[in-house]
Amino acid sequence: MPFSRSQKIAMIGGGMLFFYMMLQFVILPAVIKSQTKKKIALKPGWQRRDLWDKYPFSMDLNFYIFNVTNPDQIKAGEKPILQQVGPFVYDQWQEKTNRIDREDDDTVLFTMRNTYYFNAEKSNGLTGNEEIVIANLFALGLVNTLMREKPSAIPIFGKAIDSLFKKPDNLFIKTTPRAILFDGLHIDCTAKDFAGAAICDQVREKYEEFGMIKVAENEYLFSLWGSRNGTDSKKPTRVLRGLKNIMDVGKVIEYNYKNNLSVWDDEYCDRLNGSDGTIFHPNFDKHGKDPMIAFNDGLCRTIACIYDQKSKFRGIKTLRYTTDLGTDPDNPLHKCYCKAPDDCLKKGVYDAYKCVGAPIVVSNPHFYLADPEYLTMVDGLKPDKELHAVAIDLDAFTGSPVQAHIRAQFNFFLFKVEKYKIMKNFPSALLPIFWIDEHTILPDFLIKEIKDGHRLLMIGSMFKIMVLLGGLGTIAYGGFSIYKDMNGNEVQIKKTVKPKSGDQANGDDKKMPMNISRTVPQSMPPNID
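Residues take numbers from 1 onward in each chain, read along the sequence in its written order. Only residues with pLDDT of at least 70 are given local features in this predicted model, and only at 80 or more are side-chain atom pairs given and counted; all residues enter the totals for whole chains, interfaces and linings. Calculation of side-chain values draws on the structure's entire complement of heavy atoms; hydrogens and water are dropped beforehand.

A. Broad picture of the overall build of the protein. Helix and strand definitions follow DSSP, with helices as H or I runs of at least four residues and strands as E runs of at least two, each counted in order from the N terminus. Of the regular secondary structure elements, the protein holds twelve helices and 21 strands. Looking at the protein as a whole, 45% of its 529 residues qualify as buried. Per-residue and other accessible areas follow the Shrake-Rupley method at a 1.4 Å probe size, with only the shown protein chains counted as cover for residues. Here the protein has roughly 28,400 Å² of accessible surface; of this, 55% comes from carbon and sulfur atoms. For every residue, the accessible area (1.4 Å probe, protein chains only) is compared with the maximum for its type, and the residue is labelled buried under 20%, exposed over 50%, or partly exposed between those bounds.

B. Inspection of the packing of helix 5 (residues 154-164) against helix 7 (residues 194-206) at higher detail. At a closest axis distance of 7 Å, the pairing of helix 5 and helix 7 adopts a crossing angle of 85 degrees. By the angle between their directions, the pair helix 5 and helix 7 is classed as roughly perpendicular. From helix 5, Ile156, Lys159, Ala160, Ser163 and Leu164 reach across to helix 7, where they touch Phe194, Ala195, Gly196, Ile199 and Cys200. Comment: axis = line fitted to C-alpha atoms, over the contacting stretch for helices; angle = value between 0 and 180 degrees taken between N-to-C directions. Any angle from 65 to 115 degrees is called roughly perpendicular, while one under 35 is roughly parallel, one over 145 is roughly antiparallel, and all others are oblique. By the convention used here, residues are in contact when the closest approach between their heavy atoms is within 4.5 Å.

C. Looking closely at the packing of aromatic side chains. When the centres of two rings from Phe, Tyr and Trp lie within 6.5 Å, Trp using its six-membered ring, the rings pair. Their planes under 30 degrees apart give stacked, over 60 give edge-to-face, and anything left gives tilted. Taken as a whole and judged by the stated rule, the model has 25 aromatic pairs. Aromatic pair Phe157 and Tyr420: ring centres 5.0 Å apart, planes at 75 degrees, arrangement edge-to-face. You can see Phe157 sitting in helix 5 and its partner Tyr420 sitting in the loop between strand 18 (400-414) and strand 19 (429-441), a full 263 residues away along the chain. For Phe157, a relative accessible area of 1% corresponds to the buried category. A relative accessible area of 4% places Tyr420 in the buried class. Note on geometry: a ring has a charge over it if NZ (lysine) or CZ (arginine) is within 6 Å of the ring centre and within 35 degrees of the ring normal. One cation-aromatic arrangement involves Arg178 over Phe118; the distance from NZ or CZ to the ring centre is 5.1 Å. Between the NZ or CZ atom of Arg301 and the centre of the ring of Tyr350, over which it lies, the distance is 4.7 Å.

D. Structural context of the state of the cysteines. Throughout, a disulfide means two cysteine sulfur atoms within 2.5 Å of one another. Going through the model one piece at a time under the given rule, you end up with four disulfides. Across the disulfide, Cys189 is cross-linked to Cys200 (sulfur-sulfur distance 2.2 Å). The sign of the S-S torsion, about -90 degrees, decides the handedness of the disulfide formed by Cys189 and Cys200: left-handed. Within this pair, whereas Cys189 is found in the loop between strand 6 (185-188) and helix 7, its partner Cys200 is found in helix 7, the two being separated by eleven residues in sequence. A residue is classified by how much of its surface remains accessible, and Cys189, at 1% relative accessible area, is buried. The class of Cys200 is buried, set by a relative accessible area of 0%. Along the protein, the cysteines that take part in disulfide bonds pair up as 1-2, 3-5, 4-8, 6-7, counted in sequence order.

E. The arrangement of the packing of helix 4 (residues 137-149) against helix 5 in detail. Two numbers describe how helix 4 lies on helix 5: the axes approach to 10 Å, and their chain directions differ by 165 degrees. When the axes of helix 4 and helix 5 are compared, the pair comes out roughly antiparallel. Crossing handedness for the pair helix 4 and helix 5: right-handed. The segment helix 4 lies against helix 5, with Phe138, Ala139, Leu142, Val143, Leu146 and Met147 engaging Ile154, Phe157, Ile161 and Leu164. For any pair of crossing helices, the crossing counts as left-handed if the nearer helix is rotated counterclockwise from the farther one by less than a right angle, and right-handed if it is rotated clockwise.

F. How the structure looks around the pairing of strand 4 (residues 132-135). Here strand 4 shows two buried faces, one formed by Ile132 and Ile134 and the other by Val133 and Ala135. Think of it this way: DSSP has to see at least two bridges between two strands before they count as a pair. Bridge analysis of strand 4 against strand 5 (residues 172-175) gives four bridges, and the strand direction is antiparallel. Pairing of Ile132 across the sheet is with Thr175, part of strand 5.

G. Expanded view of unusual backbone geometry. The omega angle of the peptide bond from Gly86 to Pro87 is 10 degrees, so this bond is cis rather than trans. Considering the arrangement of structural elements, one finds Pro87 in strand 2 (residues 82-102). With a phi angle near 60 degrees, Asn283 is a residue other than glycine that sits in the positive phi range. Accessibility expressed as a relative area gives 41% for Asn283, which makes it partly exposed. For His366, which is not glycine, the phi torsion reads 60 degrees and is therefore positive. Note on placement: His366 falls in the loop between strand 16 (361-363) and helix 9 (372-376).

H. Highlighting the side chain of Asp91. Secondary-structure assignment places Asp91 in strand 2. For this count, His and the chain ends are skipped, Lys and Arg are scored as positive, and Asp and Glu as negative. Each reported salt bridge corresponds to a side-chain nitrogen of Lys or Arg within 4 Å of a carboxyl oxygen of Asp or Glu. Of the buried charged residues, Asp91 lacks a salt bridge, with Lys122 as the closest side chain of opposite charge at 4.6 Å. Residues adjacent in sequence count toward polar contacts only when both atoms are side-chain atoms; beyond that, a polar contact is any pair of N or O atoms within 3.5 Å, and within protein one must be able to donate a hydrogen and the other to accept it. Among the polar contacts made by the side chain of Asp91, one reaches the side chain of Asn119 at a distance of 3.1 Å. Apart from residues no more than four positions distant in its own chain, Asp91 is found in contact with Ser58, Met59, Asp60, Thr115, Tyr116, Tyr117 and Asn119.

I. Looking closely at a positive patch on the surface. Note that patches include only residues with greater than 30% relative accessible area and no salt bridge, and the join distances are 9 Å for like charges and 5 Å for nonpolar side chains (Val, Leu, Ile, Met, Phe, Trp, Tyr). By convention, the charge on Lys lies at NZ, on Arg at CZ, on Asp at CG and on Glu at CD. Side chains of Lys286, Lys310, Lys312 and Lys317 sit close together on the surface and give a patch of like positive charge. Positionally, Lys312 belongs in strand 13 (residues 301-313). You can call Lys312 exposed: its relative accessible area is 59%.

Dropping the structure here:
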């Protein structure tokens, strides 16, 4: 039985709805998955891999140093007064080196190389040669270490400092930001006395671990960033490339050839989790329900960034993520970062001693989000969310941070040391030394690619909506046509025609029915013989 025109229209609409379902749940997801993998997976030769291997643009590394304005008063017991100086801006070029791909488990092993160049223009007239007063970090670090590991050796410490630094009268020194950051403070290890020689034996053995550069026999330069400039990281990292599962792209599965950190003696704190921090999986929840999780080898821990607010950057709608670099002694999961389970620092700071082998305490700049007591120990700090919070603007669709401010402050403890005259009257304080703001902005050509991706996604969504509306509209029209046909048929009238007299005479009693369909019934004319 042939289909009516109305039925055919309805069938076409049903076909369009079926096509919509296929488009929604099969075709477009497959196309998006394929294209996303080509854009994001770390396969050698693919676009994202080339960018991941070596960034074709630099990041701004901004250094802010705290100048100590009252060193003599600190020696007498007054709290430090600080003056922030900066930014001293360096162009940071990042490259993955010593890469080894492994096909069987879809991973790539690498080391990291960062190279820094001073940017005078962005430093707003600062040269790095300005005179500042800052704690002798080598001496302060040494006394902090001894107080943790071997307090009985403190008397020897004083003699060693006198030997190495020619009997200083204060633990604070005059120097320049350039010397502190990259050029280095001179350490003379020609000492012959017992105390000086004991310290220098350690320097000779571990100068690289201490971030020092050997410039001659028994002569070293100590700086904060100099040993990192243009050198490969010592411990390689292995991450998943995302070819088998794009949601695993960049996920760290091995560090220093181990599947855990082996630093904290705790399963939770030693766990490797999250990406390497330079790439994230696509398709973040657009409402910010997914955290950004990254492993930071410099801090020996996983950092979880949480959603803060909606944001926008160069026309791209983004999600802003933030985090607190400090730990919380009330959080049971943070106990493993403490010196001992019952010996934790107050909220908002992180003891990195076990990680870096130096008594460095990390926090957000200006003790933002930290316990207020730390602010009372010094003068000159003004915590401000806009200036001091970690802020990452993420494109949820591609998982690309389009702009990021990674900020961290590095601090040392000051305290009274009865057996060392220079520190005999020192106040108790957590002394900020400097803080950094690693500012990354994606270049225009990458911003354009993200916008193009959003544009194609929008076109695909509009096409799906058109197919859906077309299908529903066609079905509605076909249904209406069928309904009209069923209810608009002309009334079926059934009539019987009387036989002629001749027929009756012949005994023919057959009846001739006449069915007439009419819209309007009419009178029938009489039969005439």
